[in-house]
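Here are the chains, one letter per residue:
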Amino acid sequence: MIDSQSEHYEVVIIGAGPAGSVAAISLARAGKRVLLVEKKAFPRFKVCGCCLNPNALRTLESLDLVKHLRRKDAVDVDQFRLRSHGRQLIVPLPGGMILSRQTMDQTLVDVAVEAGVDFLDRHDATVLPEQTPEADMVFVELNAQAGNTRVISAGHVLVADGLSGSSLKRRPEFQSDVAKSSYYGVSAHLPENSHPLLEPGTIEMAVGRSGYVGCVVLEDGSINYSSAVSPEALRSHDSTGDLIATILQEAGAHLPNELTAVEWQGVPHLTRTRTNFAARRILLLGDATGYVEPFTGEGMAWAAEMGVAAAELLLTAEARSFDVASAWRETVLNLRSRRQVWCRRLSAFLRHSNLVHFGLIFGRLIPSIPTWIVSQLYESHQSVISDEFTDPVALSEKSGHHASSASH
Ligand SMILES: Cc1cc2nc3c(=O)[nH]c(=O)nc-3n(C[C@H](O)[C@H](O)[C@H](O)COP(=O)(O)OP(=O)(O)OC[C@H]3O[C@@H](n4cnc5c(N)ncnc54)[C@H](O)[C@@H]3O)c2cc1C
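Residues numbered from 1 in each chain as written. Predicted model: local features only at pLDDT ≥ 70, side-chain atom pairs only at ≥ 80, totals over all residues. Heavy atoms only, no water.

**Student:** So, the overall build of the protein chain: which residues are in play, and what are the values?
**Tutor:** Counting its regular elements, the protein chain contains 12 helices and 21 strands. Expressed as a percentage of its 408 residues, the buried residues of the protein chain come to 57%. Put simply, of all contacts in the protein chain between residues at least 6 apart along the chain, 73% involve residues at least 24 apart. For the protein chain, the accessible area works out to roughly 17200 Å², and carbon and sulfur atoms hold 52% of it. (Helix = DSSP H or I, 4+ residues; strand = E, 2+ residues; numbered from the N terminus. Buried < 20%, exposed > 50% of the residue type's maximum accessible area, 1.4 Å probe, protein only. Contact = heavy atoms within 4.5 Å. Areas by Shrake-Rupley, 256 points an atom, 1.4 Å probe, with all protein chains shown as cover.)

**Student:** Tell me about the confidence of the model for the protein chain, and please be specific about residues and values.
**Tutor:** In low-pLDDT segments, the atomic positions of the prediction should not be examined closely. Summary statistics for the protein chain give a mean pLDDT of 86 and a share of 86% for residues scoring 70 or more. Counting contacts from residues 1–5, a segment whose pLDDT is below 50, to residues more than four positions away or on other chains yields 11 contacts. Note on residues 380–408: pLDDT is under 50 here. Beyond four places in sequence and across chains, it has 56 contacts. (pLDDT = per-residue confidence, 0-100.)

**Student:** With reference to specific residues and values, describe unusual backbone geometry.
**Tutor:** In the segment running from F42 into P43, the intervening peptide bond is cis, with an omega of -5°. Relative to the helices and strands, P43 is located in the loop between strand 2 (34–37) and strand 3 (51–52). Unlike most non-glycine residues, D73 shows phi in positive territory, near 65°. The exposure class assigned to D73 is exposed, which follows from its relative accessible area of 51%.

**Student:** For the site of the ligand, give the residues involved together with the corresponding values.
**Tutor:** Taken together, 38 residues sit near the ligand, with E38, G49, C51, R101 and D287 positioned nearest. D287 is positioned such that a nitrogen or oxygen atom in its side chain is 2.8 Å from an oxygen atom of the ligand. At a separation of 2.8 Å, an oxygen atom of the ligand approaches a polar backbone atom of M300. Mapped by element, the contributors of at least two residues to the shell around the ligand are helix 1 (18–29), strand 9 (123–127) and helix 7 (298–319). For the shell around the ligand, the residue count by class is 17 nonpolar, 12 polar and 9 charged. (Near = heavy atom within 4 Å. Polar contact = N/O pair within 3.5 Å; in protein donor to acceptor, adjacent residues only side chain to side chain. Nonpolar A, V, L, I, M, F, W, Y, C, P; charged D, E, K, R; others polar.)

**Student:** An account of the pattern of salt bridges is needed here, citing residue identities and associated values.
**Tutor:** Pairing between side chains of opposite charge can happen when their charged atoms approach one another. Summed over the entire model, instances satisfying the criterion amount to 14 salt bridges. Two residues, R81 and E204, come together in a salt bridge whose shortest N-O distance is 2.9 Å. With a gap of 123 residues between them, R81 in strand 5 (residues 79–84) and E204 in strand 14 (residues 202–208) connect regions that are remote in the sequence. No difference in accessibility class separates R81 from E204, as the two residues are buried. Several salt bridges converge on common partners, so that one network encompasses R81, R83, E199 and E204. (Salt bridge = Lys/Arg side-chain N within 4 Å of Asp/Glu carboxyl O.)

**Student:** I'd like a rundown of the environment of A233, residues and numbers included.
**Tutor:** Tracing the sequence through the fold places A233 in helix 5 (residues 231–236). Taking the relative accessible area as the measure of exposure, A233 reaches 7% and is therefore buried. Distance in space between the C-alpha atoms of A233 and R209 is 9.3 Å, their sequence separation being 24 residues. Those residues in contact with A233 that sit more than four places away from it in its chain are S210 and L243.

**Student:** Describe the sheet that holds strand 17 (residues 265–267), naming the residues involved and giving the relevant values.
**Tutor:** Strand pairing in a sheet is mediated by backbone hydrogen bonds. Such pairs are either parallel or antiparallel. Spatial ordering of the open sheet is given by 6-5-14-15-16-13-17, a layout of 7 strands whose pairing is mixed. With one partner strand each, in any of the chains shown, strand 6 (87–92) and strand 17 form the two edges of the open sheet. In this sheet, adjacent strand axes meet at a mean angle of 20° when their direction is disregarded. Pairing of strand 14 with strand 15 (residues 211–217) involves 5 bridges; the strand directions are antiparallel. Pairing of E204 across the sheet is with C215, part of strand 15. In this fold helix 6 (residues 240–251) packs onto strand 5, strand 6, strand 13 (184–190), strand 14, strand 15 and strand 16 (223–229), with an angle of close to 95° to the strand it touches most, strand 14. Helix 9 (residues 353–365) rests against strand 5, strand 6 and strand 14 of the sheet, and its axis sits at about 60° to strand 6. (Pairing = 2+ DSSP bridges. Axes fitted to C-alpha atoms, helices over the stretch in contact; angles between N-to-C directions.)

**Student:** Quick one: what's the story with the pairing of strand 13, residue by residue and with numbers?
**Tutor:** Among the 7 residues in strand 13, 5 count as buried, and that is most of the element. Summarising the sheet, strand 13 and strand 16 pair through 7 bridges and their orientation is antiparallel. The residue of strand 16 that forms the bridge with H189 is N224. Direction of pairing for strand 13 relative to strand 17: antiparallel, over a ladder of 3 bridges. By the bridge assignment, G185 is partnered in strand 17 with V267.

As structure tokens, this is what we get:
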């Protein structure tokens, strides 16, 4: 809980998804005074496929976090099964992990608290407008679900409030744009044995005309269904469960009886872009920087990478004075341009069920092609902060400032 005597933190992090928690853990382990604020009551359900890819695991392992997920019975991924038009293609997919978002996000928060982070759930945070251009702190309003409101201050604020985050509503410079063709995301947990043909460790994806549906067995044996669907199709069906059933039927996938009985949760407009990722003392990370579409397993990998990178940047900036906001903008652009290329290609491909059908036939004939695509997606890399931007001299030359006069 917050010490009511001194409500100032070196870093306030908004949102306890992987981006926020990973940043919080990194900063607290380096001795920073950190507050992690979360709007929902934890542990919370999150619309997600619940699959961590090898890139995500590499980043989590760099902080020694994977062992904590293993202790929660995370399931190892071994294969990917694509279903379309009654056919299937199986691609080996070792190196990933499946864990429900309730368990994973709560586990990371627990590690953060153990590292010294103050965690506050059920609090809606809003970053307040800049007081003066030279202010050396940012103010954040906290609205408790219980009804009380207060304002705290921070040396830096990391905004990791996800796709539908609301914490920047009073900062118009961070407006986000929604792509017109954007799909909606929906998820539900179905009971154990609702899909008896699904083996633990298999990621099954069914592609239909109005979207695609992924399912996996979770750590407790229940089945996580998550899907990206066209908003028009959602409106023309009686319920979300009906639409998911249509997509599964078109693909020739197993049809659980429970689809229309369970509660589906959704998130509108998956494809969003933000052009501004930073301001004085404020950095955006994870889905808050924009998102393409799910099922490429990149969402949590990017979120965790950005969490580590933002923490590294703040710690480096402390030792070597330079323009953090410019460095962060370049870092995010660098990461996005390299990694979103494949996500865009795959999400465009998945929207054409006939193309997927031919791709599936082709992939069965030449299995090295899907394996190569997977290797491109999971390409390893070292750090998202390039040396150029942690070097204050290079940075000041690039931005036209003297490093000593641009300390934040
Ligand atoms: C259908 C679907 C399937 C997906 N499947 C996968 C998958 O299998 N693998 C994968 O890697 N990615 C997947 N993703 C993407 C993944 O869920 C996200 O990329 C990832 O969760 C981003 O992490 P984050 O930390 O940036 O944000 P989030 O995990 O969204 O966390 C943000 C947090 O901020 C909180 N918050 C929001 N506003 C405020 C506020 N004002 N104050 C305080 N707290 C606030 C939210 O409650 C939330 O807990 C999927 C996404 C969708 C929609």
